[in-house]
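Chain by chain, the residues run as shown.
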Amino acid sequence: MITPATLRRAVSAALEEDAPWGDVTSTALLPASAHATADLVARESGVFSGGEVFAAAFTLTDADVRVDLHVADGDRFAAGDALASVSGPARSLLTAERVALNFTQRMSGIATLTATFVDAVDGTGVRIADTRKTTPGLREFERHAVVSGGGSNHRRSLSDAVMAKDNHLAVLRQSGQDLATALREALSRLPHTTHVVVEVDRLDQIPAVLDGGADTVLLDNFSLDDLRAGVALIAGRAVVEASGGVTPETVRPIAETGVQVISVGALTHSARALDLGLDLRID
């Protein structure tokens, strides 16, 4: 969830970065009295995300700018569609243009890529989830975009859940600690509401994870046959999540193995910015 404070802080920082001492081009060239209207136009089809952020870039620049959104986050659109319109002092529109587009193009790109994965597993009941592979400082915006595309959010941060990955398990082995015992001891010290996820990369690791009381077993980079075997071995005693190199082409076969969640880092670390443009007209 993007809180008002997070929205204001991130957009204000972006505006300051882009015009730390003002927009010298617009101020020098354009009369203060010039008024303009602009349309946010899709150059390609996709899924929209970032309406609030788009609007904030303009209104934080100038409270006299009016922003009208024609689509909501999560709506699908076609090339040529007008997604929003803005009107106000021409200087302000041009000052805020790039920040508004940068956020909206990035977020809509993530939403569109997420929808590709979600569409691919339609009917299986499997959730497509993001990961912590996000842009530093922009996690909440990218997580919001994943939800706009029909996906689900994984843990927000290291503080939200126990998630023991390969490096954690390596440290335990080096320390001579038994995984099942270590998990049980950790659970005894944690609030009963804490969710525990353990990542494994071999089938023979699963029994200890189940004995330790994990809520979710994450099967990382498993073959399809091993995913099916893992699902059978877990047999409903924990949520089964799959991850590792998932693509739009491979996600459906993975979903059909019986896993319940598929986490995809590419949703945020590899999404292409969608081609959106701001078409200006002078009033």
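Right, let's walk through the structure included here.

What counts, and where the lines are drawn
Residues numbered from 1 in each chain as written. Predicted model: local features only at pLDDT ≥ 70, side-chain atom pairs only at ≥ 80, totals over all residues. Heavy atoms only, no water. Helix = DSSP H or I, 4+ residues; strand = E, 2+ residues; numbered from the N terminus. Buried < 20%, exposed > 50% of the residue type's maximum accessible area, 1.4 Å probe, protein only. Contact = heavy atoms within 4.5 Å. Areas by Shrake-Rupley, 256 points an atom, 1.4 Å probe, with all protein chains shown as cover. Lys, Arg positive; Asp, Glu negative; His and termini not counted. Charge placed at Lys NZ, Arg CZ, Asp CG, Glu CD. Polar contact = N/O pair within 3.5 Å; in protein donor to acceptor, adjacent residues only side chain to side chain. Phe/Tyr/Trp six-rings, centres within 6.5 Å; stacked < 30°, edge-to-face > 60°. Core = buried A, V, L, I, M, F, W, Y, C linked by side-chain atoms within 4.5 Å. Expected span 1.5 Å × (residues − 1). Arc of directions from axis to C-beta. Pairing = 2+ DSSP bridges. Axes fitted to C-alpha atoms, helices over the stretch in contact; angles between N-to-C directions. Salt bridge = Lys/Arg side-chain N within 4 Å of Asp/Glu carboxyl O.

### So, the overall build of the protein chain
And step 1. Summing up its helical and strand segments, the protein chain has 11 helices and 12 strands in all.
And step 2. The principal-axis extent of the C-alpha atoms belonging to the protein chain is close to 70 × 35 × 25 Å.
And step 3. Going through the 283 residues of the protein chain one by one, you find that 47% of them count as buried.
And step 4. Of the contacts made within the protein chain by residues no fewer than 6 positions apart, 71% connect residues no fewer than 24 positions apart.
And step 5. As displayed, the protein chain has an accessible area near 13800 Å², and 51% of this comes from carbon and sulfur atoms.
And step 6. The average position of the 25 basic charges and that of the 37 acidic charges among the side chains of the protein chain differ by 4 Å.

### Considering the side chain of serine 148
And step 1. Locating serine 148 in the fold gives a position in helix 5 (residues 139–148).
And step 2. Of the polar contacts made by the side chain of serine 148, one reaches the side chain of serine 49; its length is 3.0 Å.
And step 3. The residues contacting serine 148, other than those within four sequence positions of it, are Val47, Phe48, Ser49, Asp73, Gly74 and Ala111.

### Side note on the packing of aromatic side chains
And step 1. Under the definition given, this model contains two aromatic pairs.
And step 2. Look at phenylalanine 54 and phenylalanine 58: their rings are 5.1 Å apart centre to centre, the planes differ by 65°, and that puts the pair in the edge-to-face class. Of this pair, phenylalanine 54 and phenylalanine 58 both sit in helix 3 (residues 51–59), four residues apart, roughly one helical turn.
And step 3. Among the residues examined, phenylalanine 58 registers a relative accessible area of 0% and is labelled buried.
And step 4. With a centroid separation of 5.4 Å and an interplanar angle of 45°, the aromatic rings of phenylalanine 103 and phenylalanine 141 are classed as tilted. Taken as a pair, phenylalanine 103 in helix 4 (residues 90–120) and phenylalanine 141 in helix 5 lie far apart in primary sequence, 38 residues in all. Here phenylalanine 103 matches phenylalanine 141 in class, with each residue buried.

### Re the nonpolar core
And step 1. In terms of nonpolar packing, the biggest core is built from 74 residues, with Leu40, Phe54, Phe58, Val198, Val217, Leu219 and Ile262 touching the most fellow members.
And step 2. Setting aside residues no more than four positions away along its own chain, isoleucine 262 makes contact with Val126, Arg127, Ile128, Ala129, Ala242, Val246, Val251, Ile254 and Ala255.

### Concerning helix 1 (residues 4–18)
And step 1. A rise of 1.5 Å per residue sets the reference length of helix 1, with its 15 residues, at 21 Å; its end C-alpha atoms lie 21 Å apart and thus fit the reference within 8%.
And step 2. Looking at helix 1, one finds that the buried residues are Thr6, Leu7, Ala10, Val11, Ala14 and Leu15. Along the axis of helix 1, the buried residues cluster in a sector spanning 150°; they form a single face. Summarising the geometry of helix 1, the exposed residues directed more than 90 degrees from the buried face are Pro4, Arg8, Arg9 and Glu16.

### Description of the sheet that holds strand 12 (residues 276–282)
And step 1. Read from one edge to the other, the open sheet built from four strands follows the order 3-5-1-12, with strand pairing classed as antiparallel. The sheet is open, and its two borders are formed by strand 3 (66–69) and strand 12, each paired with just one other strand. Strand-to-strand, the axes of this sheet are offset by a mean angle of 15°, without reference to chain direction.
And step 2. Judged from the seven bridges that link them, strand 1 (residues 35–42) and strand 12 form a sheet pairing that is antiparallel. Pairing of alanine 42 across the sheet is with leucine 276, part of strand 12.
And step 3. Seen against the sheet, helix 4 touches strand 1, strand 5 (82–89) and strand 12 and runs at an angle of roughly 160° to strand 12.

### Structural notes on the environment of leucine 113
And step 1. Mapped onto the elements of the fold, leucine 113 is located in helix 4.
And step 2. In the structure, leucine 113 is positioned 134 residues away from threonine 247 in sequence and 10 Å away in space, judged by C-alpha atoms.
And step 3. Those residues in contact with leucine 113 that lie beyond four places of it in its chain are Ala266, Leu267 and Ala271.

### What to know about the sheet that holds strand 11 (residues 261–263)
Whenever strands of a sheet pair, they do so through backbone hydrogen bonds, lying parallel or antiparallel.
And step 1. Across the sheet, six strands lie side by side as 6-11-10-9-8-7; this open sheet has parallel pairing. What marks the edges here is a single partner per strand, and that holds for strand 6 (127–129) and strand 7 (162–164). Along the sheet, successive strands turn relative to each other by an average axial angle of 25°, direction set aside.
And step 2. When strand 10 (residues 239–243) meets strand 11, the two strands line up parallel, connected through three bridges. The residue of strand 11 that forms the bridge with glutamate 241 is valine 261.

### Thoughts on unusual backbone geometry
And step 1. A positive phi angle, near 55°, is found at asparagine 221, a position not held by glycine.
And step 2. Note on placement: asparagine 221 falls in the loop between strand 9 (216–220) and helix 9 (224–234).

### Some points on the pattern of salt bridges
And step 1. The tally for this structure, following the rule as stated, stands at 13 salt bridges.
And step 2. The residue aspartate 68 makes a salt bridge to arginine 66 at a minimum N-O spacing of 3.1 Å.
And step 3. For arginine 66, a relative accessible area of 55% puts it in the exposed group.
And step 4. Taken together, the salt bridges that share partners define one network made up of Glu140, Arg143 and Arg156.

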